[in-house]
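A closer look at the structure
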Amino acid sequence: MSALDAQIAFLTEACKLRGIERASRLADNSRQENSAEHSWHLALFALVLEGEAPAGVNINRVIRMALIHDLVEIDAGDAPIFEAGLDQAAIEAAESAAADRIFGLLPEAQAQELRALWDEFEAAETADARFAKALDRFQPPVLNLANGGASWTPYNVDYATVESRLRPPMECGAPGLWAWVGPKVRAFFGA
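The subject of this paragraph is the overall build of the protein. Secondary structure assignment for the protein yields nine helices and two strands. The helix and strand sequence of the protein, counted from the amino end, reads α-β-β-α-α-α-α-α-α-α-α. The C-alpha radius of gyration of the protein comes to 17 Å, within 12% of the 16 Å expected for a compact globule of 191 residues. Projected onto its principal axes, the C-alpha coordinates of the protein cover approximately 60 × 35 × 30 Å. Across the 191 residues in the protein, those meeting the buried criterion constitute 42%. The contacts of the protein with a sequence gap of at least 6 include a subset with a gap of at least 24, amounting to 70%. Of the accessible surface of the protein, which amounts to about 9,300 Å², a share of 54% is contributed by carbon and sulfur atoms.

Now the structure itself:
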């Protein structure tokens with residue numbers, strides 16, 4: 001198999017991300033967002049909100065992380081952040097196995113590069129990854145504020161739950177994002 005054959009196999013597999021429905025609904029509340037749309041939207045958030053990134057963040061790396069961060073959902077599915085009782089260890093194991101398989105479709109050097117980028121996003125230990133993770137937590141409440149909380153309602157979410165799950169990664173990676181969205185979420189819930 002040539003490098004191009006492997007790359008096309010990976011890109012064809014990545015197309016399956018369009019079929020993974022997320023808990024989040026579109027801003028117009030017309031339907032659920034799919035994971036491919038989320039990844040694209042997150043990359044656009046990174047591009048547009050670059051000014052919110054801490055000094056030294058490489059926005060091109062953040063955009064790359066955004067584009068690949070949810071590819072594992074092709075095998076592992078979406079794990080809604082507000083769903084109670086999820087087995088985090090099982091989710092992490094399924095996502096790691098999915099990363100092995102999906103990135104493994106690529107030529108070896110490219111597979112290692114993208115897998116390392118995915119691992120970096122997951123660990124959220126670098127400034128680039130913390131900013132990418134902050135954006136990943138920022139995008140859903142922006143949609144929820146636009147669509148009347150359509151993704152929060154099925155999970156009986158309240159302000160305290162949103163704050164506890166979303167504020168820490170936002171404040172760690174991009175404090176201005178929580179400073180902007182936190183009061184809006186609080187007002188939405190009347191808290």
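Right, let's get into the nonpolar core. In terms of nonpolar packing, the biggest core is built from 47 residues, with Val62, Leu71, Phe103, Phe131 and Leu135 touching the most fellow members. Sorting the residues of this core by element identifies helix H1 (3–14), helix H2 (35–48), helix H3 (59–68), helix H5 (88–103), helix H6 (108–123), helix H7 (127–146), helix H8 (159–173) and helix H9 (175–189) as the ones contributing at least two each.

What follows deals with the packing of aromatic side chains. One pass over the full model with this rule turns up six aromatic pairs. Summarising the aromatic geometry, the rings of Phe45 and Phe138 are spaced 6.0 Å apart at their centres and angled 70° between planes, so their arrangement reads as edge-to-face. With a gap of 93 residues between them, Phe45 in helix H2 and Phe138 in helix H7 connect regions that are remote in the sequence. Considered together, Phe45 and Phe138 belong to a single accessibility category, that of buried residues. Both rings, one in Trp152 and one in Phe189, keep their centres 5.0 Å apart while their planes meet at 35°; by these two values the pair is tilted. Residue Trp152 is located in the loop between H7 and H8, and its partner Phe189 is located in helix H9; the two are separated by 37 residues in the primary sequence.

Let us now look at the pairing of strand E1 (residues 21–25). Sheet topology note: the E1/strand E2 (residues 32–34) ladder contains two bridges and is antiparallel. Among the inter-strand pairings, Arg25 is bridged to a residue of E2, identified as Gln32. Connecting E1 to the antiparallel partner E2 that follows it, the hairpin turn spans six residues, and Asn29 within it adopts a positive phi of roughly 60°.

Looking at where Asp136 falls in the secondary structure, it is placed in helix H7. Taking relative accessible area as the criterion, Asp136 reaches 9% and is therefore assigned buried. Within the local environment of Asp136, its side chain forms a polar contact with the side chain of His69, the two groups lying 3.2 Å apart. Those residues in contact with Asp136 that lie beyond four places of it in its chain are His38, Leu42, His69 and Phe121.

Right, let's get into the environment of Leu4. Here Leu4 lies in helix H1. Using a relative accessible area of 55% as the deciding quantity, one classes Leu4 as exposed.

This paragraph deals with the pattern of salt bridges. Taken as a whole and judged by the stated rule, the model has 15 salt bridges. For the salt bridge of Glu13 with Lys16, the shortest nitrogen-to-oxygen distance reads 3.1 Å. Between Asp128 and Arg61 there is a salt bridge, with the nearest N and O atoms lying 2.7 Å from each other. Placement of the pair is Asp128 in helix H7 and Arg61 in helix H3, with a sequence separation of 67 residues. Because the salt bridges share partners, they merge into one network encompassing Glu13, Lys16, Asp75 and Arg101.

With that settled, the discussion passes to the environment of Val181. Looking at the element boundaries, Val181 is found in helix H9. Owing to a relative accessible area of 0%, Val181 belongs among the buried residues under this scheme. Sequence-wise, Val181 and Pro141 are 40 residues apart; in three dimensions their C-alpha atoms are separated by 7.6 Å. When residues no more than four places from it in sequence are discounted, the contact partners of Val181 are Phe138, Pro141, Leu145 and Met170.

Scoring rules and cut-offs
Residues numbered from 1 in each chain as written. Predicted model: local features only at pLDDT ≥ 70, side-chain atom pairs only at ≥ 80, totals over all residues. Heavy atoms only, no water. Helix = DSSP H or I, 4+ residues; strand = E, 2+ residues; numbered from the N terminus. Rg over C-alpha atoms; globule rule 2.2 N^0.38 Å. Buried < 20%, exposed > 50% of the residue type's maximum accessible area, 1.4 Å probe, protein only. Contact = heavy atoms within 4.5 Å. Areas by Shrake-Rupley, 256 points an atom, 1.4 Å probe, with all protein chains shown as cover. Core = buried A, V, L, I, M, F, W, Y, C linked by side-chain atoms within 4.5 Å. Phe/Tyr/Trp six-rings, centres within 6.5 Å; stacked < 30°, edge-to-face > 60°. Pairing = 2+ DSSP bridges. Polar contact = N/O pair within 3.5 Å; in protein donor to acceptor, adjacent residues only side chain to side chain. Salt bridge = Lys/Arg side-chain N within 4 Å of Asp/Glu carboxyl O.

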